[in-house]
Amino acid sequence: MDWLINDALPVLARIFIVWIFPFSFIDKIINHEAAVKQASSSWLPGGAALLYPAMAVELLTPPMIVFGFYDGIAAFVLAGYCAITALLFHNFWSYPRFWSSDSEGYPHVWDFFKNFGLVGGLIFVMLASGFFQSAEKEIEEVTMLTPEISIVAGAPEGI
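Residues numbered from 1 in each chain as written. Predicted model: local features only at pLDDT ≥ 70, side-chain atom pairs only at ≥ 80, totals over all residues. Heavy atoms only, no water.

### Points about the UniProt feature "transmembrane region" (unreviewed entry) in the chain
Taking the numbering used here, the UniProt-annotated feature "transmembrane region" (unreviewed entry) corresponds to residues 12-30, 42-61, 73-93 and 113-132. Spanning residues 12-30, this segment combines 95% helix with 0% strand, and its end C-alpha atoms are found 27 Å apart. (UniProt positions renumbered as here; feature names shortened; annotations may be inferred. Helix = DSSP H or I, 4+ residues; strand = E, 2+ residues; numbered from the N terminus.)

So this is what it looks like as structure tokens:
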């Protein structure tokens, strides 16, 4: 039973968190015109050009997360991708009566919350990978490289 809890369930959880993204990548290839149209629908300029880096994120980060290859960094990138796409393309609040099922904004409500649900799962991946501890250590090392500047009353300039 330990193998199930310690080995199989964490891998299954990682698969379930990210398995939508390879299918989204394939959908962007099959329905390329619709993907370009959606990518161009936000206020962000160059949406069509940003479609290709988005596709790279959807293709590359899921296997990195599942197989534990720089999984913390991959989860960070994918979480950022989910948050940004939620804010740019699922802005349900801009539609009148968005809670009404016949509103055009209604599906965006659920897509927005789904994206942030994925962000939550990806934060757990970052925690499990030690990403935050590693980032904290890197930040501490960088800040130790900067000279401390102290201001002493009455001291000449430059000291």
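Don't stop here, the text continues.
### Points about a nonpolar patch on the surface
Taken together, the side chains of M1, I5, L9, L12, F16, W19, I20, F23, I26, I29 and I30 make up a nonpolar region of the molecular surface, amounting to roughly 1200 Å² of accessible area. Those elements that provide at least two residues to the nonpolar patch are α1 (2-18) and α2 (20-30). By residue number, the principal contributor to the nonpolar patch is α2, which donates 5 residues. Among the structural elements, I26 can be located in helix α2. Taking relative accessible area as the criterion, I26 reaches 41% and is therefore assigned partly exposed. (Patch = residues over 30% accessible without salt bridge, like charges linked within 9 Å, V, L, I, M, F, W, Y side chains within 5 Å. Areas by Shrake-Rupley, 256 points an atom, 1.4 Å probe, with all protein chains shown as cover. Salt bridge = Lys/Arg side-chain N within 4 Å of Asp/Glu carboxyl O. Buried < 20%, exposed > 50% of the residue type's maximum accessible area, 1.4 Å probe, protein only.)

### Focus on the pattern of salt bridges
Within this structure, the stated rule accounts for 2 salt bridges. In this structure, D71 engages R14 in a salt bridge whose closest nitrogen and oxygen atoms are separated by 2.8 Å. You can see D71 sitting in helix α5 (residues 71-89) and its partner R14 sitting in helix α1, a full 57 residues away along the chain. Accessibility classification places D71 together with R14 in one group, the buried group. The partner of K28 in a salt bridge is E58, with the nearest N and O atoms 3.0 Å apart. Highlighted residues: K28 in helix α2 and E58 in helix α4 (residues 47-67), separated in sequence by 30 residues. For K28, a relative accessible area of 12% corresponds to the buried category. Its relative accessible area of 2% is what places E58 among the buried residues.

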